Amino acid sequence: MAIVEVFTDEYFMREALKEAQKALAIGEVPVGAVVVANNRIIARAHNQTEKLTDATAHAEMLAVTAAANFLGSKYLTECTLYVTLEPCVMCAGALHWVQLSKLVFGASDVQRGYGLIKSPILHSKTEIVRGVKEEESRTLINTFFKSIRD
């Protein structure tokens, strides 16, 4: 009999935080993301806008592309995206188009998050979970921005 281990939202958000640490280490805004399907991480990414000289190279966008390639599908209807910071409007639009099943994020983005927009952006079937590992996620972001302002 096979034993199936079930991981929690906190477990997968810790993995996203590891990706955010990678971004911080290379001078990027520390946002990390993982895509999960069937209780398994199928894609990992962190911000790489500076490294790739690409304003669209957000962790969410890179993770979604990697997950779609892994699945061989443009839709992520059975997937959950874990991301350390609330997605921006661009990323939320992409999440709508891939028909993401579930979005879990750590810290809210009160300046650029998709939640600032009055009309819904995410797909109507996307479940949203906010505030998982929020303190750790916010601390990374605050540490980064404090370091570049000092």
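Residues numbered from 1 in each chain as written. Predicted model: local features only at pLDDT ≥ 70, side-chain atom pairs only at ≥ 80, totals over all residues. Heavy atoms only, no water.

## Some points on the environment of His123
So, step 1. Looking at the element boundaries, His123 is found in the loop between strand E4 (102-107) and strand E5 (127-130).
So, step 2. For the pair His123 and Lys18, spaced 105 residues apart in sequence, the C-alpha separation works out to 27 Å.
So, step 3. When near neighbours in sequence (up to four residues on either side) are disregarded, His123 contacts His96 and Gln99. (Helix = DSSP H or I, 4+ residues; strand = E, 2+ residues; numbered from the N terminus. Contact = heavy atoms within 4.5 Å.)

## So, the side chain of Thr126
So, step 1. Locating Thr126 in the fold gives a position in the loop between E4 and E5.
So, step 2. At a separation of 2.6 Å, a polar atom in the side chain of Thr126 contacts the main-chain carbonyl oxygen of Leu100.
So, step 3. Ignoring sequence-local partners within four residues, the contact set of Thr126 consists of Leu100, Ser101, Lys102 and Leu103. (Polar contact = N/O pair within 3.5 Å; in protein donor to acceptor, adjacent residues only side chain to side chain.)

## Side note on the UniProt feature "active site" (unreviewed entry) in the chain
So, step 1. UniProt records the feature "active site" (unreviewed entry) for Glu60 in the present numbering.
So, step 2. Locating Glu60 in the fold gives a position in helix H3 (residues 59-71).
So, step 3. Among residues more than four places away in sequence, those in contact with Glu60 are Val31, Ala33, Leu81, Val83, Leu85, Pro87, Cys88 and Cys91. (UniProt positions renumbered as here; feature names shortened; annotations may be inferred.)

## A closer look at the pairing of strand E2 (residues 40-46)
Both faces of the sheet carry side chains from a regular strand, because those side chains alternate between them.
So, step 1. Bridge count for strand E1 (residues 32-37) against E2 is six bridges, and the pairing is antiparallel. Within E2, the residue paired with Ala33 across the bridge is Ala45.
So, step 2. Count of turn residues in the E1/E2 antiparallel hairpin: two residues, of which Asn38 carries a positive phi of about 50°. (Pairing = 2+ DSSP bridges.)

## Observations regarding the sheet that holds E4
So, step 1. Across the sheet, five strands lie side by side as E2-E1-E3-E4-E5; this open sheet has mixed pairing. Two strands close off the open sheet at either side, each with one partner strand: E2 and E5. Ignoring strand direction, the axes of neighbouring strands in this sheet form an average angle of 15°.
So, step 2. Packed onto the sheet, H3 meets E1, E2 and strand E3 (79-85) and runs at close to 145° relative to E2. (Axes fitted to C-alpha atoms, helices over the stretch in contact; angles between N-to-C directions.)

## Re unusual backbone geometry
So, step 1. One non-glycine residue with positive phi stands out, namely Thr53, at about 50°.
So, step 2. Within the secondary structure layout, Thr53 lies in the loop between helix H2 (49-52) and H3.
So, step 3. Taking relative accessible area as the criterion, Thr53 reaches 72% and is therefore assigned exposed.
So, step 4. One non-glycine residue with positive phi stands out, namely Gln99, at about 55°.
So, step 5. With respect to the secondary-structure elements, Gln99 resides in the loop between helix H4 (89-97) and E4. (Buried < 20%, exposed > 50% of the residue type's maximum accessible area, 1.4 Å probe, protein only.)

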